[in-house]
Amino acid sequence: MAGRNAGVGRALALLVASGAAIVGLVLLVICYSGIGIATLSTSKDDPDPCVQAYAAGTDDASVRYTVVPPQAICTWDVAGQPTEVVVASASPALFAAGATLAVGGVLVCVGLLVAPRLRASRRQGQA
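Report on the accompanying structure. (Residues numbered from 1 in each chain as written. Predicted model: local features only at pLDDT ≥ 70, side-chain atom pairs only at ≥ 80, totals over all residues. Heavy atoms only, no water.)

A few words now on the state of the cysteines. Applying the stated criterion to the full structure yields one disulfide. With a sulfur-sulfur separation of 1.9 Å, Cys50 is cross-linked through a disulfide to Cys74. Residues Cys50 and Cys74 are joined through a disulfide that is left-handed, its torsion about the S-S bond being -95 degrees. Note that Cys50 is positioned in helix H2 (residues 49–56) and Cys74 in strand S2 (residues 71–78), a separation of 24 residues in sequence. In this structure, Cys50 and Cys74 share a single accessibility class: buried. (Disulfide = S-S within 2.5 Å. Helix = DSSP H or I, 4+ residues; strand = E, 2+ residues; numbered from the N terminus. Buried < 20%, exposed > 50% of the residue type's maximum accessible area, 1.4 Å probe, protein only.)

Quick look at the structure:
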């Protein structure tokens, strides 16, 4: 009977951990897609010269995206000096929560799936 309870507990832990990982991935998708949407909408309405130059398609302006922290940065040449402006960025709290849930959930799932196999192989090696 103890083995059956351990199996149910392990299944429940896998369910919770995989759910946390999925929620974390959804939060990260919201962060990154929000940056893309904000960049597109900003290019129409922002009075910043870098964003206006990028929207006009000039070669002096470019937009790059960073993964951590998630943000869009417009780079523009002003008299030979590159100038950077953050066009859009994700909420640091939302990004941290998403990354923590996604990575933590995956690690717990992997641990729950791999640990019993490691124990079984050690027992076989000792026998």
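Note the cis peptide between Val68 and Pro69, where omega equals -10 degrees. Looking at the secondary structure, you find Pro69 in the loop between strand S1 (61–66) and S2.

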